[in-house]
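# Observations on chain architecture
Okay, here's what each chain looks like letter by letter:
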Amino acid sequence: MPDASHSVARQLDVVMVGAGLAGLYAIHRLRGLGLKVRAYEAGSGVGGTWFWNRYPGARCDVESLEYSYSFSEELQQEWKWPERYGTQPEILKYINHVADRFDLRRDVQLNTRIKSAVFEWTANEWVVKTDTGEEIHARYCVMAAGNLSTPRVPDFKGIHDFKGKWYHSGLWPHEGVDFTGLRVGVVGTGSSGVQMIPIIARQARQLTVFQRTANFSLPARNGPMEEERERKHKAEYPERRAAAMDTPFAIAGYPKPTRSALDLSEAERNEAYESKWQEGGSISYLYAYTDLLVNKASNDTASEFVRNKIRSMVKDQRTAELLAPKDHPIGTKRLCLDTNYYETYNRPNVSLVDVRSDPIQGITATGLRLASGAEHTLDALVFATGFDAMTGALKEIDVRTTDGAALREHWEGGPLTYLGLMVSGFPNMFVITGPGSPGVKTQMIASIEQHVDWIAGAIDHLGRHQLDRIEPTPKAEIEWVHHVNQVADSTLYPLANSWYMGANIPGKPRVFMPYVGGFDRYKKRCDEVAAKNYEGFTLSRHETVAA
Ligand code: N01
């Protein structure tokens, strides 16, 4: 018998997919317009990325005083971050605090996955269906499903034969995992692998890291929050948040570089790199010179400095050379931040296996086998193998319109959006920090707030003008995608096989997805578009047909 409560469709103004940082702020902001909103969340708690990624050592790589909501001065003044970079549990605690403080939970439905979303042209509304059989009708649909929310375990042969336990970084058991005394294998050395490896190494009897591509990592220099630093930052919070809007990464406080790396002598350059290395963090390093992400010769100097650091930290020189990235310029893949990552390879219980030269052939009952036939006996396996980034979450939902358009088909050759916010042919559907947005290249919460505020402005504008439909023109969409690619092509980013390019998913179109023209430039463009009566969008009034 179907649940009676499911037989009547729920009517909303805005249906949202996801109750992470984006969905929660969207509830707060859109409720403020008097709209009836509700977010549907697959997890059993709020928090999105910070709900799922509970692997050992999970921590944000943007400082907490920055990586936090700015919409409430009281919240940002009152919340106390114990460390420079928030740990996963701390950030999740903060998100739960926000959910309670702003009474957001009453508009969140947990343990519910959205299966399909269909735009009904005649009724001018989205009809969304859940895996629990519920149907929701809403004028607007906000996709706040995250960029790195579709975990990907490579299709290794024999994985189900493995007698030990295996885990993915993005689906970590809530009760935690005790690796004490075990022989553990970690596959993957991106941000997740780099963070967990030093911690697992301290627990495991033996840790074997299977590396296909070496990644650059810089020291985070994490530590307890210094009282004076916090006091000063909080005293200047509104000014700092405003200044962040005029920066490429949406983070203030880093002096704008004025010179090319090639304007200095090698000794001067290395002195500057050393000071950034000691300071810790990725922005100060990549922002040391004007051209590190656009000029290969300049980038080579920054890349080589880090390679030499690795050579000096890792005692075994064969291991050091394997760990020293040579296939991409520094910063063109997400730069990792770590605490004792390279030093971990000096431990007697840690070894590095190069699976570029000898690929993983499959998983066996007792471990992992390489193409050469070499066998590694393991009690537990951890996949830090990443996500179907940026498009994965939306492609898992069957997004269509009643005139036969399907998002999966529209995006077959790569994602198409206008400003990363909307898709032509799919009216009244907004995407937060999706492809074409600078989100993943910025302090993400700043981008989330900017996107949501823009969406709120658009919905409010429609309401005030007795309009009820907005969609980008195909021309504006194509021009934006072209611009996103042109900007990327003027940088070194396309030189890396990164998830920015869809390169980590076999068969995924190689299209550069994030906007790397800078948050400041992007925000200006969004503001101009809105000021010019939503240039590039068609706004219309639709006579709703009563059901
Ligand atoms: O995933 P990744 P991630 N055989 O895709 C390897 C954010 N994040 O979860 O490079 C062997 O970066 C793959 O190798 P290769 C952040 O934006 C943030 O670490 O494809 N290896 C790579 O080494 C980040 O960028 C934080 O050759 C295989 C690894 O798995 C994003 O999430 C923390 C393989 C995947 O690296 C994703 O990071 C964590 C195979 N078949 C994550 N398939 C912070 O804020 C894949 N790999 C700190």
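For the structure given in this document, a descriptive report is provided here. (Residues numbered from 1 in each chain as written. Predicted model: local features only at pLDDT ≥ 70, side-chain atom pairs only at ≥ 80, totals over all residues. Heavy atoms only, no water.)

Right, let's talk about the site of the ligand for a bit. Around the ligand sit 25 residues in total, of which T189, S192, R212, T213 and W499 are the nearest. Between an oxygen atom of the ligand and a main-chain N or O atom of T189, the distance comes to 2.9 Å. Here K333 contributes a side-chain N or O atom positioned 3.0 Å from an oxygen atom of the ligand. For the ligand, whose accessible area on its own is 910 Å², the fraction buried by protein is 89%. In terms of residues, the shell around the ligand owes the most to one element, helix α6 (residues 191-203), which gives 3 residues. In terms of residue class, the shell around the ligand is built from 9 nonpolar, 9 polar and 7 charged. (Near = heavy atom within 4 Å. Polar contact = N/O pair within 3.5 Å; in protein donor to acceptor, adjacent residues only side chain to side chain. Areas by Shrake-Rupley, 256 points an atom, 1.4 Å probe, with all protein chains shown as cover. Helix = DSSP H or I, 4+ residues; strand = E, 2+ residues; numbered from the N terminus. Nonpolar A, V, L, I, M, F, W, Y, C, P; charged D, E, K, R; others polar.)

Core analysis: the biggest nonpolar cluster contains 80 residues, and L30 and W454 have the highest contact counts within it. Secondary-structure elements contributing two or more residues to this core are β1 (10-17), α2 (21-31), β2 (37-40), α5 (88-101), β6 (135-143), α16 (444-464), α17 (474-489) and α18 (519-531). Among the elements that make up this core, the one with the highest residue count is α16 (10 residues). Beyond its immediate chain neighbours, meaning those up to four positions away, W454 contacts L421, F430, C526, V529, A530, Y534 and F537. Counting 50 residues, the second-largest nonpolar core is a separate cluster that includes L218, L337, Y342 and Y345. (Core = buried A, V, L, I, M, F, W, Y, C linked by side-chain atoms within 4.5 Å. Buried < 20%, exposed > 50% of the residue type's maximum accessible area, 1.4 Å probe, protein only. Contact = heavy atoms within 4.5 Å.)

Running from amino to carboxyl end, helix α7 (residues 227-235) crosses helix α8 (residues 237-244) at an angle of 70°, the nearest separation of the two axes being 5 Å. Classified by the interaxial angle, the pair formed by α7 and α8 is roughly perpendicular. Mapping the contact onto sequence places H233, K234 and A235 in α7 and Y237, E239 and R240 in α8. Taken together, the residues that form the contact of α7 with α8 break down as 2 nonpolar, 1 polar and 3 charged. (Axes fitted to C-alpha atoms, helices over the stretch in contact; angles between N-to-C directions. Parallel < 35°, antiparallel > 145°, perpendicular 65-115°, else oblique.)

Another point: the packing of aromatic side chains. Following the criterion strictly, the structure yields 37 aromatic pairs and no others. Ring centres 6.0 Å apart and planes at 90° place the aromatic pair Y167 and F179 in the edge-to-face group. Of this pair, Y167 sits in strand β7 (residues 165-168) while F179 sits in the loop between β7 and β8 (183-187), and the two are 12 residues apart along the sequence. Given a relative accessible area of 13%, Y167 falls into the buried group. (Phe/Tyr/Trp six-rings, centres within 6.5 Å; stacked < 30°, edge-to-face > 60°.)

The element strand β12 (residues 350-354) is largely enclosed, with a buried count of 4 among its 5 residues. Both strand β9 (residues 206-211) and β12 contribute to a ladder of 5 bridges, which runs parallel. By the bridge assignment for β12, L207 is matched with V350. (Pairing = 2+ DSSP bridges.)

By the definition in use, this model includes 3 cavities of 30 Å³ or more. In this structure, the largest cavity occupies an estimated 70 Å³ of space. In terms of lining residues, the largest cavity is bounded by M143, A145, G146, N147, M390, A393, L394, V431, I432, T433, G434 and P435. Its residues assigned to classes, the lining of the largest cavity shows 8 nonpolar, 4 polar and no charged. As a volume, the second largest cavity reaches approximately 60 Å³. The wall of the second largest cavity is formed by P415, T417, P435, G436, V481, V484, N485, V511, F512 and M513. (1 Å grid on protein atoms, 1.4 Å probe; cavity = no way out; pocket = protein on both sides within 12 Å on 5 of 7 lines; lining within 4 Å. Points joined across faces, edges and corners; volume = space filled by probe spheres on them.)

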